[in-house]
Amino acid sequence: MNRRRVLATGALAVASSLLLGACGSSDDSGSDDSSSGSTTLTMWVDAERAPALKDAAASFKKDKDVEVKLVIKDFQSARDDFITQVPTGKGPDMIVGPHDWVGKFVQNGVVAPLELGDKAGDFEDAAVQAMTYEGKTYGLPYAIENVALVRNTALLDTPAQTMDDVVAAGNGVVKAGKAKYPFLVGLDPKQGDPYHLYGIQTSYGAPVFERNDAGDYDPNQLGLGNPGGVEFAKDLAAWSKAGALNPSITGDIAKTAFNKGESPYFLTGPWNVPDMQKAGLEIAIDPIPTGGDEAATPFIGVNGFFISSKATNALAASEFVLNYLSTEDAQDALFKTGGRPPALKASFEKAASDPIVAAFGEIGKTGAPMPAIPQMDAVWADWGATELDIIKGKVDPATAWPKMVQSVQSKVAG
């Protein structure tokens, strides 16, 4: 063990002796049981991940006499509620969430930096990078996720490289009477789905934001406005006319149809694989198909644990996150629950014995972290709505895309 880790471990050991004297917050989001003298920390977590964290919480209670209360929170409202409640002292001590929340958290001063120290080397570099904002790390990563093209090998036994080839092959299966849909991707009925389609879009040289010399996303350089953006928009319209993009097919409908064997292709992530396997499908994981001349670069999403800047006991929260949620046992349990490839290298090596996990991981290496800058919030609505209108055939791609870019630019600037 090197000197830096010895010092960090020693500091945590001293800190643990202080845990019993900590005070809690005043409501059920985070509280301390002063009558019994024991400390209680709270973590907001969604229903899917809560069971995987119970063992780590139980170990922490046994070792440190500190209870970690897992509070089930709706994912859709968790970020904004955290931002609202932390300054009042009524928020939780910790929260589980994706890395692209970091910018808003930092902007609002509701999350504390987390010094990973030597532990940083135990995680995939991309995961740590995603949790880093303006030079500081704010979260402990536990999973890396990205989409890929899932192929039903009973319907098509060879991969295709381009989106045009995918659509043609899918339509061939449909014409042969073996499938109902040539290609599936879930589309929100109001906002489309720029996230899933992003990898294809980047092959046209039109990322959402360009990067500066330091490798950070630059909100002043909107890559959506690059010339390839319009070409992508035109192809969205063409693929829709070919039956590959259907605005009436949501994520749930796409998942059900694919699991019934009604399409050879499904553009989705590892979270849907367990149900495919339960349905008895034989699948292959193919790279994102390209439309333009450049490589397809899907978004990478990194999930992790954040500590509130107003945590009732920051030392206890840090010890739980750094020493109990960074273990193989904890990260293995999270993988088994959600199916998302682990960010911890040792856990990923075990998970990657499954060729499906390994394939998603390889495709993820070609991706880029979803921008965590606050300006990203100004992009989604116009971007998604425009894509959806193009797919529906309601607008001319050549005019609608530049109009969208102009609107996004004004919102980002504002």
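Along each chain, the written sequence defines residue order, and numbers are assigned to residues from 1. For a predicted model such as this one, the threshold for reporting local features is a pLDDT of at least 70, and the threshold for listing and counting side-chain atom pairs is 80 or more; totals across whole chains, interfaces and linings nevertheless cover every residue. Water and hydrogen atoms play no part in the side-chain values, which are based on all heavy atoms of the structure.

### Observations concerning helix 7 (residues 194-202)
When you tally the buried positions in helix 7, you get nine out of nine residues, the bulk of the element. When helix 7 is considered as a whole, its buried residues turn out to be P194, Y195, H196, L197, Y198, G199, I200, Q201 and T202. Residue burial is assigned from relative accessible area. The probe radius is 1.4 Å, only protein chains are included, and a residue is buried under 20% of its type maximum, exposed over 50%, and partly exposed in between. Going along the chain from the N terminus, every DSSP run of H or I of four or more residues is numbered as a helix, and every run of E of two or more is numbered as a strand.

### Some remarks on the pairing of strand 3 (residues 39-45)
Here is the key point about a regular strand: its side chains alternate between the two faces of the sheet. The element strand 3 is extensively covered by neighbouring structure, given that seven of its seven residues are classed as buried. On strand 3, burial covers both faces: T39, L41, M43 and V45 on one face and T40, T42 and W44 on the other are all buried. Between any two strands, at least two bridges found by DSSP are needed for them to pair. The sheet contact formed by strand 3 and strand 4 (residues 66-72) spans seven bridges and is parallel. Bridged to T42 within strand 4 is K69.

### Points about the packing of helix 8 (residues 227-241) against helix 16 (residues 397-413)
Packed helix pairs are characterised by how far apart their axes lie and by the angle those axes make with each other. To get an axis, fit a line to the C-alpha atoms, keeping to the stretch in contact for a helix; angles then go from 0 to 180 degrees between the N-to-C directions. Axis separation between helix 8 and helix 16 bottoms out at 9 Å; the angle between their running directions is 130 degrees. In terms of orientation, helix 8 lies oblique with respect to helix 16. For helix 8 against helix 16, the interelement crossing comes out right-handed. Residues G229, V230, F232, A233, K234 and A237 of helix 8 form the contact with helix 16, whose own contacting residues are P397, A398, W401 and P402. Class assignment of the residues belonging to the contact of helix 8 with helix 16 gives a composition of eight nonpolar, one polar and one charged. By the definition adopted for this analysis, an angle is roughly parallel if under 35 degrees, roughly antiparallel if over 145, roughly perpendicular if from 65 to 115, and oblique otherwise. The crossing is said to be left-handed when, going from far helix to near helix, the turn is anticlockwise and less than a right angle, and right-handed when the turn is clockwise. In what follows, residue pairs with any heavy atoms lying within 4.5 Å of each other are defined as contacts. Gly is put with the polar residues, along with every residue not named as nonpolar or charged; the nonpolar set is Ala, Val, Leu, Ile, Met, Phe, Trp, Tyr, Cys and Pro, and the charged set is Asp, Glu, Lys and Arg.

### Thoughts on the packing of helix 7 against helix 8
As a packed pair, helix 7 and helix 8 sit with axes 11 Å apart at the nearest point and diverge in direction by 120 degrees. By the angle between their axes, helix 7 is oblique relative to helix 8. When you trace helix 7 past helix 8, the crossing you get is right-handed. In contact with L197, I200 and Q201 of helix 7, helix 8 contributes F232, L236 and W239.

### As for the sheet that holds strand 10 (residues 265-268)
The three strands are arranged 10-9-11 in an open sheet whose pairing can be described as antiparallel. Edge strands, defined here as strands with exactly one partner in the open sheet, are strand 10 and strand 11 (283-286). On average, each strand axis in the sheet is tilted by 25 degrees relative to the strand beside it, whichever way the strands run. Pairing analysis gives four bridges linking strand 9 (residues 148-152) to strand 10, with the strands arranged antiparallel.

That is the geometry; function is a separate question.
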